[in-house]
Amino acid sequence: MQPTTPSQPAGQPETTSGATAGATWSARHIGGPNHVLSVRTGAELVAAITDFARSQGIRGGAVRGIGAVSRATLLFRDPIELTYVDREFDEQMEIAGLQGNISVRGDETLVHIHTTLGRSDYSAIAGHLKEAWIRGAGEFFITVAAHPLEKALDADLGLNIFTL
C-alpha cells in the first residue's frame, strides 16, 4: 500500500476529482486538513464516520455537520453511577447541530459525537449520539488534526479521555 498523502488517503483509490467512497459514504478532500463527507440514506451515521476515518488513516480530528435521521439513540451520562442512560427516538428528525472528535485508543478508532436533533413539533433533544440512521441528507465536515489524538480510560471517571 502506498503512503497516505492529503490527496491520496490510505486504502482508497483516488479519482481525478480527489473523491473516495465507502459502502455507506462518499467523500472529497477539499484542501488542507479538510474533507467533506456525505453519508447515504439508510446508513448508520456513527459507523459511517468511523469507517471513513479508518479508511483514510485519520487518527485525530474534528467532526461537524447537518442532515436528517429517521431514528437515533442518545445517551446521557449519569455522573453518580458513572453509566450512560440511553433512549431511542424513532421519528424523522433534523440534525440541527452535530459536533465531535475522532481519536484513537491503541489501534481502535474512536468517534465521539454530541448532537441536537429537531423534532416535527419544533422541540429539540440533545445528547451523546450512540447511533442514528440517515434519512435524507447527511453532510459532514472532517478536519484532520496534525497529530494523533490519543485517549485512555480514566478509571475515576469511567471515560476515555485525551492523553495530553
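Rules used throughout
Residues numbered from 1 in each chain as written. Predicted model: local features only at pLDDT ≥ 70, side-chain atom pairs only at ≥ 80, totals over all residues. Heavy atoms only, no water. Salt bridge = Lys/Arg side-chain N within 4 Å of Asp/Glu carboxyl O. Helix = DSSP H or I, 4+ residues; strand = E, 2+ residues; numbered from the N terminus. Buried < 20%, exposed > 50% of the residue type's maximum accessible area, 1.4 Å probe, protein only. Expected span 1.5 Å × (residues − 1). Polar contact = N/O pair within 3.5 Å; in protein donor to acceptor, adjacent residues only side chain to side chain.

K.L.:
Give me the lowdown on the pattern of salt bridges, citing residues and values where you can.
P.N.:
As enumerated under the stated definition, the model contains three salt bridges in all. Here Asp-86 makes a salt bridge to Lys-130, at a shortest N to O gap of 3.9 Å. Pair noted here: Asp-86 is in strand S5 (residues 83–89) and Lys-130 is in strand S8 (residues 124–144), with a separation of 44 residues, a long-range link. Given the relative accessible area of 45%, Asp-86 is considered partly exposed. For Lys-130, a relative accessible area of 41% corresponds to the partly exposed category.

K.L.:
I'd like to hear about helix H1 (residues 45–56), residue by residue, with values.
P.N.:
Along its twelve residues, H1 runs 17 Å from first to last C-alpha, staying within 8% of the 16 Å computed at 1.5 Å per residue. Here H1 has its buried residues at Leu-45, Val-46, Ala-48, Ile-49, Thr-50, Phe-52, Ala-53, Ser-55 and Gln-56. N-capping of H1 is provided by Glu-44, with a side-chain oxygen placed 3.1 Å from the backbone N of Val-46. Positive backbone phi, approximately 70 degrees, marks Gly-57, located one or two places after H1.

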